[in-house]
Amino acid sequence: VGTNPGDVEVGDFNSDGKQDLAVSNNGSNNVSLLLGDGTGSFATAINLSAGTYPSALAVGDFNGDGSRDIAVTNYGANTVSIILNAPTADPSPGSLVFGSASSPILKGTAGAAQTVKVTNNGSAPLAVSGFAIDGSNPGDFVTTNNGCANRVAPGSSCSVRVRFTPKAQDSSSAALSVLSNAPSSTSKVTLTGFARAAGKIVSAKLSKKSFSVAQVGKVKLRCKFSPKSKAFKYVLLLQKGKKWTVVKRVNKTGSFTTYTDSVKKLFAGKRIKDGSYRLKLTADANSKTLRFKITSP
């Protein structure tokens, strides 16, 4: 229990048919609630705030809801605290951020899920009926993996996962609320997400389509993207008979409105052979394929 325990009252505070204990703690200004298991053992105390130097306890249904509440006299404050037998639905953390201004999530995709924990710091079982998302952009956030379907005992918690599924670029905001039997719960989790539009290749060209091995370093690949692309990849393939074999795969990350490189660098680390090639370029929103031929010196 708390510091300098004083008065003790017995009652079934969580309506499970088993006797529990309420203890006033004069030195820590709270009341400890110990839920019994019916065998003479009790769970770890749930500490409920009271006034200064709480002393005598009384038990009764003070708000007519059928549950046993606690009244405690506060010797040091000349007051009486009424502790209603009710659950709480306390979510944590208080905010979730998906992506960032420098690393936004691609519009039309789903960001990695994050967890919200809901803790019952009250004295009665918590029943969560669901979750509500409101605010400026509620449609950009969804809940998944709801682990709060069963009643949550006092002192226990459950969790739900939240995903950011942006419908537009730039930033989105909303707030997550817990729908439950907890009275007057106003705690919300602030949701913020950063999104970007899908980068698209608007043009991709080679300065030559046929050239010798000796000229490979002088032939340029030029690409333009709109909107800006955070990443793109290319696959270089060589024709062998009727089949195409992969020569090299490369993923490029950064912030691209244009990209220029020599064909020689596309082969980096690979032997350059004469033959027919395909270069497939892929951004977020589309792909383009270029063909070129390398001849013997």
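Owing to the predicted nature of the structure, the values given are computational and were not obtained by experimental measurement.

Chemist: Break down the overall build of the protein for me, with residues and values.
Modeler: Tallying secondary structure elements over the protein gives one helix and 22 strands in all. Compactness check: the protein gives a C-alpha radius of gyration of 32 Å against a globular reference of 19 Å for 297 residues, more than 25% above the reference. Going through the 297 residues of the protein one by one, you find that 39% of them count as buried. In the protein, 58% of the contacts between residues at least 6 apart in sequence involve partners at least 24 apart. Roughly 15,200 Å² of accessible area belongs to the protein as shown, and the carbon and sulfur atoms make up 47% of that amount.

Chemist: Summarise empty space enclosed by the protein; cite the residues concerned and give the values.
Modeler: A probe as big as a water molecule, rolled over the atoms, marks out the empty space that is left. A full pass over the atoms with the stated rule returns one cavity of 30 Å³ or more. Lining the largest cavity are F13, L33, L48, R68, I70, I83, L84, N85 and S123. Among the residues forming the lining of the largest cavity, the class breakdown is six nonpolar, two polar and one charged.

Chemist: Account for the environment of F42, naming residues and giving values.
Modeler: Locating F42 in the fold gives a position in the loop between β3 (30-34) and β4 (46-49). F42 sits in the partly exposed class, given a relative accessible area of 37%. As a C-alpha pair, F42 and Q19 span 23 residues in sequence and 9.5 Å in three-dimensional space.

Chemist: Talk me through the pattern of salt bridges; I want residue IDs and the actual numbers.
Modeler: Enumeration over the complete set of coordinates arrives at two salt bridges. Its salt-bridge partner being K188, residue D134 comes within 3.2 Å of it at the nearest N-O pair. Taken together, the residues D134 in strand β12 (residues 128-134) and K188 in strand β16 (residues 188-196) connect sequence positions 54 residues apart. We note a salt bridge from D284 to R196, for which the minimum N-O separation is 2.5 Å. In this pair, D284 is assigned in the loop between β21 (275-282) and β22 (287-295) and R196 in strand β16, connecting sequence segments 88 residues apart. Accessibility expressed as a relative area gives 28% for D284, which makes it partly exposed. Exposure remark for R196: the relative accessible area of 15% places this residue in the buried category.

Chemist: Which residues make up the nonpolar core, and what are the values?
Modeler: Of all hydrophobic cores here, the largest spans 27 residues; its most connected members are L221, L279, L281 and F292. Ranked by residue count, the leading element in this core is strand β19 (residues 220-240), at seven residues. With 23 residues, the next largest nonpolar core counts A89, V152, V189 and L191 among its residues.

Chemist: Outline the pairing of strand β15 (residues 170-180), listing residues and values.
Modeler: Pairing analysis gives six bridges linking β12 to β15, with the strands arranged antiparallel. Note that in β15 the partner of F131 across the bridge is V178.

Chemist: Residue-level account of the side chain of T282, with values.
Modeler: Of note, T282 is situated in strand β21. Note on T282: relative accessible area 18%, which makes it buried. Among the polar contacts listed, one links the side chain of T282 to the side chain of S287, at a separation of 3.1 Å. Ignoring any residue separated from it by four or fewer positions in sequence, one finds T282 in contact with I201, F232, K233 and S287.

Chemist: How would you sum up the layout of surface pockets? Please name residues and give values.
Modeler: Of the voids in this model, the largest pocket is the one considered here, and its volume is about 200 Å³. Lining the largest pocket are 13 residues; nearest its centre among them are P104, A195, R196, A197 and K230. Looking at the lining of the largest pocket, the elements that each hand over two or more residues are β15, β16 and β19. Class assignment for the residues of the lining of the largest pocket results in six nonpolar, three polar and four charged.

Chemist: Please set out the packing of aromatic side chains residue by residue, giving values where relevant.
Modeler: With the rule as written, the count across this model stands at eleven aromatic pairs. Arranged with centres 5.2 Å apart and planes meeting at 40°, the rings of F225 and F232 form a pair that is tilted. One exposure class covers both F225 and F232, and it is buried. For the ring pair F256 and Y259, a centre distance of 6.1 Å and an interplane angle of 80° mean the geometry is edge-to-face. Residue class for F256 comes out buried when judged on its relative accessible area of 12%. Given the relative accessible area of 9%, Y259 is considered buried. The rings of F211, F267, Y277 and F292 are connected pair by pair, giving a single aromatic cluster. Cation over ring: R278 sits above W244, and NZ or CZ is 4.5 Å from the ring centre.

What counts, and at which threshold
- Residues numbered from 1 in each chain as written.
- Predicted model: local features only at pLDDT ≥ 70, side-chain atom pairs only at ≥ 80, totals over all residues.
- Heavy atoms only, no water.
- Helix = DSSP H or I, 4+ residues; strand = E, 2+ residues; numbered from the N terminus.
- Rg over C-alpha atoms; globule rule 2.2 N^0.38 Å.
- Buried < 20%, exposed > 50% of the residue type's maximum accessible area, 1.4 Å probe, protein only.
- Contact = heavy atoms within 4.5 Å.
- Areas by Shrake-Rupley, 256 points an atom, 1.4 Å probe, with all protein chains shown as cover.
- 1 Å grid on protein atoms, 1.4 Å probe; cavity = no way out; pocket = protein on both sides within 12 Å on 5 of 7 lines; lining within 4 Å.
- Points joined across faces, edges and corners; volume = space filled by probe spheres on them.
- Nonpolar A, V, L, I, M, F, W, Y, C, P; charged D, E, K, R; others polar.
- Salt bridge = Lys/Arg side-chain N within 4 Å of Asp/Glu carboxyl O.
- Core = buried A, V, L, I, M, F, W, Y, C linked by side-chain atoms within 4.5 Å.
- Pairing = 2+ DSSP bridges.
- Polar contact = N/O pair within 3.5 Å; in protein donor to acceptor, adjacent residues only side chain to side chain.
- Phe/Tyr/Trp six-rings, centres within 6.5 Å; stacked < 30°, edge-to-face > 60°.
- Lys NZ or Arg CZ within 6 Å of the ring centre and 35° of its normal.

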